[in-house]
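# Structural features, examined
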Amino acid sequence: MEHLLLIKIAVSIGTVLGLSLVAERVSPRLAGLLSGYPLGTAIALFFIGIENSAGFAAESAVYTLPGLGAALCLAAAYYAGSRLIQGKPAVILAAIAAIIGFIVVSAAFAELPARLSIAVAVPLAAILLFAYLFRRIENAPALRRSRLGPKVLAFRAALATAVVLAITGSAALIGPEWAGLLSAFPSSAFPLFLVIHWTYGGPAVHTIIKNYPAGMGALVTYSLSVALTYNSLGVGPGTIVSFGFATVYLVGFSVIGQMLARRRAMA
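A brief structural summary. (Residues numbered from 1 in each chain as written. Predicted model: local features only at pLDDT ≥ 70, side-chain atom pairs only at ≥ 80, totals over all residues. Heavy atoms only, no water.)

## What to know about helix 8 (residues 189-200)
Under the 1.5 Å per step criterion, the end-to-end length of helix 8 is 16 Å for 12 residues, consistent within 8% with the ideal 16 Å. The element helix 8 is extensively covered by neighbouring structure, given that 11 of its 12 residues are classed as buried. Two residues or fewer after helix 8 comes G201, characterised by a positive phi angle close to 95°. (Helix = DSSP H or I, 4+ residues; strand = E, 2+ residues; numbered from the N terminus. Expected span 1.5 Å × (residues − 1). Buried < 20%, exposed > 50% of the residue type's maximum accessible area, 1.4 Å probe, protein only.)

Below is the structure:
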C-alpha cells in the first residue's frame, strides 16, 4: 500500500510539472491542447481500478465522460471570474468561481442515467459549445523564461497530488458515480491555470483556456475506451490501449490543424 501511495504521488507530480514546463518554455497554446490529454484523469481511473476493481473503474469512466463537460464549465467559470477584476485578486476570484462551477454542474450530471450514449453526448456538446464561445480569445505569444521558484513548483505538485489522492482514496465510499465525476476534475490543468495566471497574467491563462476544448477530445476518447476495455482487458492493458487511442486523436487533431492553418496562409 505504501508503494502504491508513492507511485500515485510521483506520477501526479511528474504530470503537472511537465505540463507547466510546456506552457513556460514552448507556448501556452500547446499547453492548452495538452491539458486535455488524459493525465490526472488517467491516474485516477487507473488507481481506482487497482484498488477497487476493473469493473468499478469502467463504471466510473461512464460518469467521467459527463464530468468532462463539468471540467469545461470549470474553465469557462475561471475565464469569466478572471475577467471581472484585474491583478492578483483575480486569481482567487477565478479559482473560487471555477470550483463552484464544477461542483454545481457535476451534481446535475450525477442525476443522468448511466447510458454510454448520453455520457458521450454531454462532453462532445460541451466541446463544441465552448470552442465556439472561446473562439475570439487571442492566443498569447510564448512566455518569457521561467522565473518560478521551488515554492511555486511545490504548490503545483501538491495540489495535483492532493486531488488524485482524495479521489482514489474515497472511491469506495462515494461510489462509482461520484468517483467518475470527480476523476474528470482537471487536477493537472487547474493548478496550471492558477500558476500561469498568477505569474504571467490574464492573457496567458486565457490562451490555455481557449485551446482547452480542442484537447479535451483526447480525454473523451480515453474515458470511453476505459469504459469499454477495462472489463474485458483488465486495468493494465486497458490503460495502454486507451492511451493509444487518446494519442492517435491528439496527433491527428494537431496534424489536421496544421494542414488547415497552411491552407489559410496560402489563401
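So, next bit.
## A short note on the packing of aromatic side chains
Overall, the coordinates contain nine aromatic pairs when judged by the stated rule. Measuring from ring centre to ring centre gives 5.6 Å for F185 and F190, while their planes differ by 70°; the resulting arrangement is edge-to-face. With relative accessibility at 13%, the residue F185 sits in the buried group. Residue F190 is classed as buried on the basis of its relative accessible area, which comes to 4%. Each residue in the set Y78, F102, F185, F190, F193 and Y212 is aromatic and connected to the rest through ring pairs, giving one cluster. In this arrangement the basic side chain of R135 is found over the ring face of Y132, its NZ or CZ atom lying 3.9 Å from the centre. (Phe/Tyr/Trp six-rings, centres within 6.5 Å; stacked < 30°, edge-to-face > 60°. Lys NZ or Arg CZ within 6 Å of the ring centre and 35° of its normal.)

## Examining the nonpolar core
Grouped together as the largest cluster of nonpolar side chains are 69 residues, with contacts concentrated most on Y78, F190, F193, I209, Y212, M216 and Y230. Of all elements in the fold, only helix 3 (40-51), helix 4 (54-84), helix 5 (89-109), helix 6 (116-133), helix 7 (150-183), helix 8, helix 9 (202-233) and helix 10 (235-266) reach the threshold of two or more residues within this core. It is helix 4 that provides the largest number of residues to this core, a total of 17 residues. (Core = buried A, V, L, I, M, F, W, Y, C linked by side-chain atoms within 4.5 Å.)

## A few points about a nonpolar patch on the surface
A cluster of nonpolar side chains, contributed by I92, I96, I100 and V104, occupies part of the molecular surface with about 380 Å² of accessible area. Its place among the elements puts I100 in helix 5. (Patch = residues over 30% accessible without salt bridge, like charges linked within 9 Å, V, L, I, M, F, W, Y side chains within 5 Å. Areas by Shrake-Rupley, 256 points an atom, 1.4 Å probe, with all protein chains shown as cover. Salt bridge = Lys/Arg side-chain N within 4 Å of Asp/Glu carboxyl O.)

## Observations regarding the environment of L84
With respect to the helices and strands, L84 occurs in helix 4. The exposed category is assigned to L84, whose relative accessible area is 66%.

## Some words on empty space enclosed by the protein
Counted by the stated rule, this structure contains two cavities of 30 Å³ or more. In this structure, the second largest cavity occupies an estimated 40 Å³ of space. Around the second largest cavity sit V62, Y63, P66, F109, L112, P113, A114, R115, I118 and A119, which together line it. When contributions to the lining of the second largest cavity are tallied by element, the ones reaching two or more residues are helix 4 and helix 6. Examining the composition of the lining of the second largest cavity, we find that three residues originate from one element, helix 4, more than from any other. (1 Å grid on protein atoms, 1.4 Å probe; cavity = no way out; pocket = protein on both sides within 12 Å on 5 of 7 lines; lining within 4 Å. Points joined across faces, edges and corners; volume = space filled by probe spheres on them.)

## Points about the side chain of T41
Along the polypeptide, T41 turns up in helix 3. Overall, T41 belongs to the buried group, its relative accessible area being 4%. The contacts of T41, once residues within four sequence positions are left out, are T64, S183, A184, L219 and S223. (Contact = heavy atoms within 4.5 Å.)

## Structural notes on the packing of helix 6 against helix 9
Axis separation between helix 6 and helix 9 bottoms out at 9 Å; the angle between their running directions is 175°. Looking at the two axes, helix 6 sits roughly antiparallel to helix 9. Facing L116, V120, P123, L124, I127, F130 and A131 of helix 6, the residues of helix 9 in contact are P213, M216, G217, V220, L224, A227 and L228. Partitioning the contact of helix 6 with helix 9 into residue classes produces 13 nonpolar, one polar and no charged. (Axes fitted to C-alpha atoms, helices over the stretch in contact; angles between N-to-C directions. Parallel < 35°, antiparallel > 145°, perpendicular 65-115°, else oblique. Nonpolar A, V, L, I, M, F, W, Y, C, P; charged D, E, K, R; others polar.)

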